[in-house]
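The residues making up each chain are set out below.
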Amino acid sequence: MNYRHASSRLASGIHTILGNKAVAIYIATAFLSTPLAAQPFAYISNQLADSVSVIDTATARVVDTIAVPGKPAGIAVAPNGKHCYVSTPEAKGFAVVDTTKREVIATVAVNDGTLGIAVGPDSKRIYVADWYKNTVSVIDANSLQILSTIAVGESPSGLVVSPDNRWLYVANRISNSVSQIDLKTLDVKRTAQVGTHPFGLTIDARGERIYVANVQSDDVTVVETARMKPVATVKVNMLPYATALALNDSRLVVTNQDDGSVSVIDTETLKEIALIKVGEKPEGVSTHPDDRHVYVANWFDGNVSVIDARTLKVIDTITTGEGSRAFGQFISK
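Here the structure is a predicted model, which is why all the values come from computation and not from measurement. Per-chain numbering applies: the sequence of each chain, read as written, is numbered from 1 onward. In keeping with the model being predicted, local features are shown solely for residues with a pLDDT of at least 70 and side-chain atom pairs are shown and tallied solely at 80 or more, while totals for entire chains, interfaces and linings include all residues. As a convention, hydrogens and water are excluded, and side-chain values are obtained from all of the structure's heavy atoms.

Draft legend 1. The pairing of strand E16 (residues 198-203), seen in detail. Three exposure classes are used, based on accessible area relative to the maximum for each residue type with a 1.4 Å probe and protein chains only: buried under 20%, partly exposed in between, and exposed over 50%. A helix here means a DSSP run of H or I that spans at least four residues, while a strand means a run of E at least two residues long, and both kinds are numbered starting from the N terminus. The buried fraction of E16 amounts to six of the six residues, a majority that puts the element mostly inside the structure. Alignment of E16 against strand E17 (residues 209-214), held across four bridges, turns out to be antiparallel. Of the residues in E17, the one forming a bridge with Leu201 is Val212. DSSP-based pairing: two strands are paired if at least 2 bridges between them are found. Between E16 and E17, which pair antiparallel one after the other, the connecting turn spans five residues, and Gly207 there sits at a positive phi close to 70 degrees.

Draft legend 2. Geometry of the environment of Ala232. For Ala232, the location among the structural elements is in strand E19 (residues 229-235). What makes Ala232 buried here is its relative accessible area of 18%. Considered as a pair, Ala232 and Val194 are 38 residues apart in the sequence and their alpha carbons are 9.8 Å apart. Here, residues are in contact when the closest pair of their heavy atoms is within 4.5 Å. If we skip the residues at most four places from it in the chain, Ala232 touches Val220, Thr221, Val222 and Leu270.

Draft legend 3. Inspection of the sheet that holds E19 at higher detail. Strand order in this open sheet of four strands is E16-E17-E18-E19, and the pairing throughout is antiparallel. Looking at which strands have only one partner, the edges of the open sheet turn out to be E16 and E19. Direction aside, the axes of adjacent strands within the sheet are offset by 25 degrees on average. Pairing geometry for strand E18 (residues 219-224) and E19, over six bridges, is antiparallel. Its bridge partner being in E19, Glu224 is matched across the sheet by Lys229. Here the axes come from fitting lines to C-alpha atoms, over the contacting stretch only for helices, and the angles between their N-to-C directions go from 0 to 180 degrees.

Draft legend 4. Quick look at the packing of aromatic side chains. To pair, rings of Phe, Tyr and Trp, with the six-membered ring standing in for Trp, must have centres within 6.5 Å; the planes then decide the type, stacked if under 30 degrees apart, edge-to-face if over 60, and tilted in the middle. Here the structure, examined in full by the defined rule, presents five aromatic pairs. Where Tyr85 meets Phe94, the ring centres are 6.1 Å apart and the plane angle is 80 degrees; that geometry is what we call edge-to-face. Owing to a relative accessible area of 2%, Tyr85 belongs among the buried residues under this scheme. Ring geometry for Tyr241 against Phe327: centres 5.4 Å apart, planes inclined by 65 degrees, an arrangement best described as edge-to-face. Note that Tyr241 is positioned in strand E20 (residues 240-246) and Phe327 in strand E28 (residues 327-329), a separation of 86 residues in sequence. As far as the burial class goes, Tyr241 and Phe327 line up, both buried. Between the NZ or CZ atom of Arg102 and the centre of the ring of Phe41, over which it lies, the distance is 5.0 Å. Two thresholds decide whether a charge sits over a ring: the Lys NZ or Arg CZ must be within 6 Å of the ring centre and within 35 degrees of the ring normal. The ring of Trp167 is capped by Arg166, whose NZ or CZ atom sits 4.5 Å from the centre of that ring.

Draft legend 5. Main features of the sheet that holds strand E25 (residues 293-298). What the four strands build is an open sheet, ordered E24-E25-E26-E27; its pairing is antiparallel. Edge strands, defined here as strands with exactly one partner in the open sheet, are strand E24 (282-287) and strand E27 (313-319). Averaged over neighbouring strand pairs, the angle between their axes works out to 25 degrees when direction is ignored. Inspection of the sheet shows E25 paired to strand E26 (residues 303-308) by six bridges, in the antiparallel sense. Bridge pairing links Asn298 to Asn303 in E26.

Structure (structure tokens):
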């Protein structure tokens, strides 16, 4: 049934019987029930199940499961909400998921070691790290063609783009460093040494600080982007994997793989203020657009823990699929 035509006929009938006031109430109600009022979705890569679970964050339920061959790992939802990009290491590239159709509409061959993936704030470019070749590929989001390949440090993993779309930051695990790439010239401008085996990283809303999870040294390095210099190191728990910010960048949430927890750091004092138990082997972490609720993918449990950043408590657990990893920005805006 055509929604617009049906709405028009019904509104006309109501107008005849009850008058303009009833029509106004009906139209307002109909508008609020359209997809425009829908809540954001979380896209969780299930690496061992070759799938991506789609969570409706309004209901905290999985509403769809998308087949994605190639052991999906990294996730990057385009800010415009149209596509979700999923790195597929065994398929040597990434898959493009249409978020409306909820299906894979394209696959792109990039390299042998695809893992980290990110999208620019304007949704025009995709960035993919090659764990084996020590490069980052820049892909045009419209043509899906590789525009450039940039040499970085050893075993690049986490990627994040600055809010002004000027810089790309890359965590180089074996080099114990973070590369800063100029997105105008597409070359490395500066490199900062961080902790041992950096993996996931995030950037604040002003683009002034990067928070880097160092897997081997069990800490987080805080890097000042203006000088690309570390300004602090914060100890967390065992095998920190990824990071996310919440509550106006006042809280940093860090997944600790080996003890099933997340550390919460006050970004003003740079002290750990809470340790929250989640599922077993937490990996990917991402913050809801409400800036309050933080979603954590638990690899061994095949589920997602939802944390309230204000109360510092787990408020929900959502079953997803085998090997839930979701490394990257996995919640739509």
